[in-house]
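Letter by letter, the chains look like this.
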Amino acid sequence: MERASLYSIKRDSIKNIYSIISESDNISRLDISHKTSLSLMTVGKVVDSLLELDVIRQVKETRRTAGRKAGLVSANSDYYSVVLDISTKEFVMTVVDVTLCLVDTMTYTYNRNYYYDENFHLFLKNVASYISRRNDTDKLIGIGITVPGTYIASEDRVVGAKIPELSSIPIRETAKRILGRDINLVIRNVEAAAIAGIKMMPELMDSIVIYMFVGDTVDGALLCNGKIQSGAHGFACDIGNMCFHFGDILENRINGCTSFDELIQILSCAIHNIILIIDPKAIMFECEIPHDPGIVITSVKNTLLHHYKVSEMRIPEFIFSPSAFRRSNTGVTFLMRDAWLDSLIK
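All figures in this text were calculated on a predicted structure; none of them were measured in a lab.

K.L.:
Tell me about the packing of aromatic side chains, and name the residues and values.
P.N.:
Per the stated rule, a full pass over the model turns up nine aromatic pairs. Ring centres of Phe91 and Phe120 lie 6.2 Å apart, and the angle between their planes is 70 degrees; on these two criteria the pair is classed as edge-to-face. In this pair, Phe91 sits in the loop between β4 (80-85) and β5 (92-97) while Phe120 sits in helix α4 (residues 116-133), placing the two residues 29 residues apart along the sequence. Residue class for Phe91 comes out buried when judged on its relative accessible area of 0%. The exposure class assigned to Phe120 is buried, which follows from its relative accessible area of 1%. Between Tyr110 and Tyr116, the ring centres sit 6.2 Å apart and the planes meet at 40 degrees, which makes this aromatic pair tilted. With relative accessibility at 16%, the residue Tyr110 sits in the buried group. By way of ring pairs, the aromatic residues Phe91, Tyr108, Tyr110, Tyr116, Phe120 and Phe123 are connected into one cluster. When the ring centre of Tyr80 is taken as origin, the NZ or CZ atom of Arg134, which lies over that ring, is 4.3 Å away.

K.L.:
Would you mind going over the packing of helix α1 (residues 11-22) against helix α10 (residues 327-344) in detail, with residue names and values included?
P.N.:
Describing two packed helices takes the angle between their axes plus the distance from one axis to the other. One can describe the packing of α1 onto α10 by two numbers: an axis separation of 11 Å at closest approach and a directional angle of 125 degrees. Relative to α10, the element α1 is oriented oblique. Here α1 runs over α10; the crossing is right-handed. Listed contacts from α10 to Arg11, Lys15, Tyr18, Ser19 and Ser22 of α1 are Arg337, Asp338, Trp340, Leu341 and Asp342. Here the contact of α1 with α10 is composed, by residue class, of three nonpolar, two polar and five charged.

K.L.:
Quick one: what's the story with the pairing of strand β12 (residues 218-224), residue by residue and with numbers?
P.N.:
Sheet faces and side chains relate simply in a regular strand, where the side chains alternate between the two faces. Counting buried residues along β12, six of its seven residues qualify, which places the element largely inside the surrounding structure. Where strand β11 (residues 208-214) and β12 come together, seven bridges link them in antiparallel fashion. For Met212, the partnering residue across the bridge sits in β12 and is Gly220. Counting the residues in the hairpin turn of β11 and β12 gives three residues. In this antiparallel pair of consecutive strands, β12 and strand β13 (residues 227-228), the connection spans two residues, and Asn225 shows a positive phi of 55 degrees.

Cut-offs and rules
- Residues numbered from 1 in each chain as written.
- Predicted model: local features only at pLDDT ≥ 70, side-chain atom pairs only at ≥ 80, totals over all residues.
- Heavy atoms only, no water.
- Phe/Tyr/Trp six-rings, centres within 6.5 Å; stacked < 30°, edge-to-face > 60°.
- Helix = DSSP H or I, 4+ residues; strand = E, 2+ residues; numbered from the N terminus.
- Buried < 20%, exposed > 50% of the residue type's maximum accessible area, 1.4 Å probe, protein only.
- Lys NZ or Arg CZ within 6 Å of the ring centre and 35° of its normal.
- Axes fitted to C-alpha atoms, helices over the stretch in contact; angles between N-to-C directions.
- Parallel < 35°, antiparallel > 145°, perpendicular 65-115°, else oblique.
- Left-handed = near helix turned anticlockwise from the far one by under 90°.
- Contact = heavy atoms within 4.5 Å.
- Nonpolar A, V, L, I, M, F, W, Y, C, P; charged D, E, K, R; others polar.
- Pairing = 2+ DSSP bridges.

Encoded structure:
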């Protein structure tokens, strides 16, 4: 694929235009100009270049009134990413197109008769077989991997993971060898999810925001001014390891809950600590527990107000948005999509 010559236009502006297009079914150049606050001439130049690259498509506006019909553009959803989630022992491959819609998914059932690395190899072979059966690999923009700990690129390994076996596996090298393709990104799952959340809520870009995942594991990430804050050792906001009474940790307490009321008490205590220490403006909440997230959030808010006596002014905004797949997959696709666009622009 040839590269577009857009040297006179800021890359952030190009990405912003493409992002607006990818979020819309069909949109005119004029509407893009209004949404981005960029001139119609700039928008037109970028759109024309993206059309030449076939990464967006155009149709004529359909209306019965007289006058020239505008060309409406949309992202070419034939382009897609493959995201491998190995943050738990239930390995999952998710295919997401550039409009962030789910295309396909495949789950690998962990075989406890095999070692961890053997299971990982079998999963990758299944993924390799899946990719080889597709006849559109020229539209694959990248392969990303989400991991449950901090990835050290220089050593190609994951540290501090809740799956100790990962620390001895060269993730990128192993995946590249079995898949026969470059791995574009390896990232801690909660950081990818936090990036996805903040990109969807630009109004929080200048704030302190917490991402919190509660499910088979409990974890979190910290964003300040739209940037991930990893901390000195890469474990900032590792909420699951928050200490409770008698040396127990939050993840164990939540996994050991036997009632809804007990879950709310434990979550409220954890979030009260987060408010005292970090005082975030918002908490992006992703929940994979057998309770309605809306009811969970309302119950936590009430407990913070009435039991912990937290003022309404200090209670952060709780943000929950249901999705067909984990938010971390969206975050990986966001990051790989940006890198892909960079590769197309001179």
